[in-house]
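Residue-level structural notes
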There are 2 protein chains.
Amino acid sequence: MSENRRFLLRRRPDGEPVAEDFELVSEPVPELAEGQFLIRNHYASLDPAMRGWMDDADSYMPPIPLNAPVRASTIGIVEQSRADGFEKGQWVMGLHALEDYSVSQAGGFTQPIDPGLVPNVTNYLSLFGAVGMTAYFGLLDVCDPKEGETVLVTGAAGAVGSIVGQLAKIAGCKVIGIAGGAAKCAKLVDRYGYDVAIDYRGKDEATLAVEIAAAAPDGVDVIFENVGGIILDASLTNLAMKGRVGLCGLISEYNSPTPVGARNLWRLIVKRAKIEGLLVADYVERFAEGTVQMGEWAAAGKLVVDEHVDEGLENAYDAFMRLFAGSNQGKMILKIA
Amino acid sequence: MSENRRFLLRRRPDGEPVAEDFELVSEPVPELAEGQFLIRNHYASLDPAMRGWMDDADSYMPPIPLNAPVRASTIGIVEQSRADGFEKGQWVMGLHALEDYSVSQAGGFTQPIDPGLVPNVTNYLSLFGAVGMTAYFGLLDVCDPKEGETVLVTGAAGAVGSIVGQLAKIAGCKVIGIAGGAAKCAKLVDRYGYDVAIDYRGKDEATLAVEIAAAAPDGVDVIFENVGGIILDASLTNLAMKGRVGLCGLISEYNSPTPVGARNLWRLIVKRAKIEGLLVADYVERFAEGTVQMGEWAAAGKLVVDEHVDEGLENAYDAFMRLFAGSNQGKMILKIA
């Protein structure tokens, strides 16, 4: 425990991150102050949102400081503690960093977890973590899907999207998913229960719009948007009257210094529709509600989750970049120990 | 009354309309069927939305057919009638066309009007027409501004924007307007009561964003959006938490075959904000409510309106193009007779 490997942000990425923007260093394990505890991180969540935290932009949380480790949700075991309620040996989840050991304290996203309650402890980074709660509250609270409505999910095979699709089916909706590649599209239908899968690869906006229209002849009542760019524009073209777009992410734009932007906002006027941004941080106080409900559905076999675990802090960059290449097969997780 | 001059759409504009897309022709005055009446049009409203109706696009109303007169709201006097409730000599407003005589019937936007109730009969195309009702219901119903909040209006000196700004002041808000040129900006403050005017001319998105931030250090709670493009993007950068964008129009994009698009939708996530499209057609049944309330405010001197009247059907093209050049000084109206 003398060594703490940390995956540092050395430089702010200009567009797509390159390996040289980061550096894996070894530092001493820090001392604890009163009220703090030390976590041995076992798994870290790799999420598209982390790309935004690397920019020097005013956002919902401060940018990752240069030469600090890359911020990430992790789960791990308390190794030392000077905080009540977090004894040595306790599993904990929280917003920490890509490093062997994180100093943490109570509050915010930090909470004790019980591995005995879930099939795999990593589920606290997927179904029962920020990803699952984003899907749950983002779809059900922000988009308000009603039985019989049509829901379109972009990034449909991704960590959030794959859960959103299943929740929309549970809500009694027709569900259309957009994903990249035949294998992912097959998975949408076979594993996640989507009614229709659309492969966006090699298609322009007009073609995508036609394919969505064929799948949703009466229009799309809800769009759960993870992608942006031409996929969003093609989706907006198919909005039904009073449609609702839950804006969760814009992964296609995060690495672009000059994103294309949404050209079809005028469809919002035509259909008196709305786009609303959503962030899981607003629902922390209701996580227990979401966890219990999602747990019941998972136990009943109505909700499955896929996790893609890469191993080793030394592979953090490659694992992170899978999110943008779309080469991950489920929620992207990095095994640290 | 043997001649009916009609301003026809001969060709769908490719980007910015050119004079050759239209033709002024003379046709016989049509015969009436049972239930119809003939209006001698006196004034027509020229609105940015008409540009959208010229495209062959699926929208909230069908495109203007080729070789048909250009659709427009008009006011005029019944000349002949085979319809109950619309006697010869009655003033009428409705959605007709740029032509001397229109055949009309009861229903839709069509309704009798009383010139004795307003200072000028043309007010039925501004404060008490679609423009005024768009401002009233778009701001108060869709954007829900609260006392003490900050409201940003783009296209602030335009027909809708100039009314929105005054309504936002009546609602007790701080009001910022963006318009083109020093004269319009002076008018925003001196005549419409805006607290701050920002001239967008010659400024890039970053500069505009900084100027908005200076005027709204705590962010903008409501954006009433008429323009789009970099003005929308600069505005989105300044959204306050839970901000609301009422999307009324995107005039900067209507004549562009490849609009830039909104690149800052990610701000909606950061601020859990929303963009909602609005259309006055949804409020036809509540026009009386809006008319009475706006009439009271106008009578009390709290609400002024400016109209820019060009004369003659033969000047329809030039008058319409003022909307995109921004050379009109108030609600653009074409005097037909």
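None of these values were measured; they are calculated from a predicted model.

Each value, and the rule that gives it
Residues numbered from 1 in each chain as written. Chains lettered and ligands numbered in written order. Predicted model: local features only at pLDDT ≥ 70, side-chain atom pairs only at ≥ 80, totals over all residues. Contact = placed C-beta atoms within 7 Å. Helix = DSSP H or I, 4+ residues; strand = E, 2+ residues; numbered from the N terminus. Nonpolar A, V, L, I, M, F, W, Y, C, P; charged D, E, K, R; others polar. Buried ≥ 20, exposed ≤ 12 C-beta atoms within 10 Å, placed from the backbone. Axes fitted to C-alpha atoms, helices over the stretch in contact; angles between N-to-C directions. Parallel < 35°, antiparallel > 145°, perpendicular 65-115°, else oblique. Left-handed = near helix turned anticlockwise from the far one by under 90°. Least-squares fit on C-alpha atoms with pLDDT ≥ 70 in both. Pairing = 2+ DSSP bridges.

The subject of this paragraph is the interface of chain B and chain A. Contact residues are listed per partner, giving 25 residues for chain B and 24 residues for chain A. Mapped by element, the contributors of at least two residues to the side of chain B that touches chain A are helix 7 (266-270) and strand 13 (274-277) of chain B. Tallied by class, residues from the side of chain B that touches chain A come to 15 nonpolar, four polar and six charged.

All names here are of chain A. Most of helix 6 (residues 229-236) is tucked away, with eight of its eight residues classed as buried. Among all positions of helix 6, only Gly 229, Ile 230, Ile 231, Leu 232, Asp 233, Ala 234, Ser 235 and Leu 236 are buried. As for helix 6, its buried residues are in contact with strand 8 (150-154), strand 9 (174-179), helix 5 (205-215), strand 11 (220-225), strand 12 (239-247) and helix 7 (266-271).

What follows covers the packing of helix 5 of chain A against helix 6 of chain A. Residue and element names in this part refer to chain A. Where helix 5 contacts helix 6, the axes come no closer than 8 Å and their chain directions differ by 45 degrees. Viewed along their axes, helix 5 and helix 6 adopt a mutual orientation that is oblique. When you trace helix 5 past helix 6, the crossing you get is right-handed. The segment helix 5 lies against helix 6, with Glu 205, Leu 208, Ala 209 and Ile 212 engaging Ile 230, Ile 231, Asp 233, Ala 234 and Ser 235. For the contact of helix 5 with helix 6, the class distribution of residues is six nonpolar, one polar and two charged.

Quick look at the relation of the copies chain B and chain A now. Of the transformation placing chain B onto chain A, the axial shift is 0.0 Å and the rotation is 180 degrees, giving an RMSD of 0.0 Å. Such a combination of rotation and displacement between the chain copies is what one expects of a two-fold axis. Most of the interface of chain B is mirrored in chain A, where 96% of its interface residues again form contacts.

On to the sheet that holds strand 13 (residues 274-277) of chain A. One open sheet holds the 12 strands; their spatial order is 10(A)-9(A)-8(A)-11(A)-12(A)-13(A)-13(B)-12(B)-11(B)-8(B)-9(B)-10(B), and the pairing between them is mixed. The open sheet has two edge strands with one neighbour each: strand 10 (196-199) of chain A together with strand 10 (196-199) of chain B. Averaged over all pairs of adjacent strands, the angle between strand axes in this sheet comes to 15 degrees, irrespective of strand direction. As paired strands, strand 12 of chain A and strand 13 of chain A are joined by four bridges and run parallel to one another. Looking at the pairing, Arg 244 of chain A lines up with Lys 274 of chain A of strand 13 of chain A. Against the sheet, helix 2 (residues 130-143) of chain B engages strand 11 (220-225), strand 12 (239-247) and strand 13 of chain B, with an angle of about 145 degrees to strand 12 of chain B. Helix-sheet contacts for helix 4 (residues 182-190) of chain B involve strand 9 (174-179) and strand 10 of chain B, and the interaxial angle to strand 10 of chain B is about 170 degrees.

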